[in-house]
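Coordinate analysis (summary)
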Amino acid sequence: MKRIGLFVGTAALLGLAACGTSGTPTPTPVAQASPDAPVAAAVQVPAGQKLVGKYQATGVQTYTCTANAWKGLEPAATLVDKDNKPIILHSRGPVWVSTVDGSAVEATPVDGAKNDVKGAVPELLLKTKAVRGDGLFGKVSYVQRLATEGGVAPSGGCTAGAQVSVPYKALYTFFAPAS
């Protein structure tokens, strides 16, 4: 796996993760997807992988208007651990950065590995393009976006250059080679 430095603009995401005035991040509660929820065949991780983490995400999918149509620009989300503590920032790339150890993973969708979800962004299987650091994401090879809610682009036309951010939730799972 190729290791390269990842550039991540996290200022906006840090604000998302640390919103509130108490000084202690208070993540937005999210619907917890069942850990045993079935995963569509289209987004299954290939054999030979082991689960290294499963995290709930809350954020937005941002769209920009190009040629009178909404096109995906970037996600901005905070992922929380089982104690509802924000520990991962998700942004354009797509990239996930651990706020605990600074490791990062950048991934790209696997062709055809998509499961449409009514009223939500699709579930996806993504393959790692690059990693940074030896921490949480140092060996990640695949990422799944599952149990999606919301985040769909508005319907209809738009004004060139306009942007809109649509709230969404998802369950992200991270896998590394088993051996």
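Below, the structure is looked at part by part. Since the model is a prediction, treat every value here as computed from it, not as a measurement.

What counts, and at which threshold
All residue numbers here refer to positions counted from 1 along the written sequence of the relevant chain. For this predicted model, a pLDDT threshold of at least 70 governs which residues receive local features, and a threshold of 80 or more governs which side-chain atom pairs are given and counted, while totals over whole chains, interfaces and linings are taken from all residues. Computation of side-chain values: all heavy atoms of the structure, hydrogens and water removed. Our working definition of a disulfide is a cysteine sulfur pair at a distance within 2.5 Å. Helix numbering and strand numbering both begin at the N terminus, where a helix is a DSSP run of H or I of at least 4 residues and a strand a DSSP run of E of at least 2. Each residue's exposure class comes from its accessible area (1.4 Å probe, protein chains only) as a fraction of the maximum for that residue type: buried when under 20%, exposed when over 50%, partly exposed otherwise. We define a salt bridge as a contact between a side-chain nitrogen of Lys or Arg and a carboxyl oxygen of Asp or Glu at a distance within 4 Å. Under the rule applied, a polar contact is a pair of N or O atoms within 3.5 Å (in protein, one hydrogen donor and one hydrogen acceptor; residues adjacent in sequence only if both atoms are side-chain atoms).

Here we come to the state of the cysteines. Scanning the entire structure with this criterion turns up one disulfide. Residue pairing for Cys65: its cysteine sulfur links by disulfide to Cys158, the two sulfurs lying 2.0 Å apart. Residues Cys65 and Cys158 share a disulfide whose torsion about the S-S bond is about 85°; that sign makes it right-handed. Here the residue Cys65 occupies a position in strand E1 (residues 49-66), and Cys158 occupies one in the loop between strand E7 (142-150) and strand E8 (163-177), the gap between them amounting to 93 residues. Each member of the pair, Cys65 as well as Cys158, is classed as buried.

Think of it this way: side chains of opposite charge can pair up when their charged atoms draw near. Counting across every chain of the model gives three salt bridges. Glu106 is paired through a salt bridge with Lys129; the nearest N and O atoms lie 3.5 Å apart. In this pair, Glu106 sits in strand E5 (residues 104-117) while Lys129 sits in strand E6 (residues 120-132), placing the two residues 23 residues apart along the sequence. Classification of Glu106 as buried rests on a relative accessible area of 14%. Note on Lys129: relative accessible area 45%, which makes it partly exposed. One salt bridge connects Asp116 with Lys114, and the closest N-O pair in it is separated by 3.8 Å. On the basis of relative accessibility, which here comes to 59%, the residue Asp116 falls in the exposed class. Taking relative accessible area as the criterion, Lys114 reaches 46% and is therefore assigned partly exposed.

This part takes up the side chain of Gln144. With respect to the secondary-structure elements, Gln144 resides in strand E7. In terms of polar contacts, Gln144 uses its side chain to reach the backbone carbonyl oxygen of Val43, at 2.8 Å. Here Thr173 takes part through its side chain, which lies 2.6 Å from a polar atom of the side chain of Gln144.

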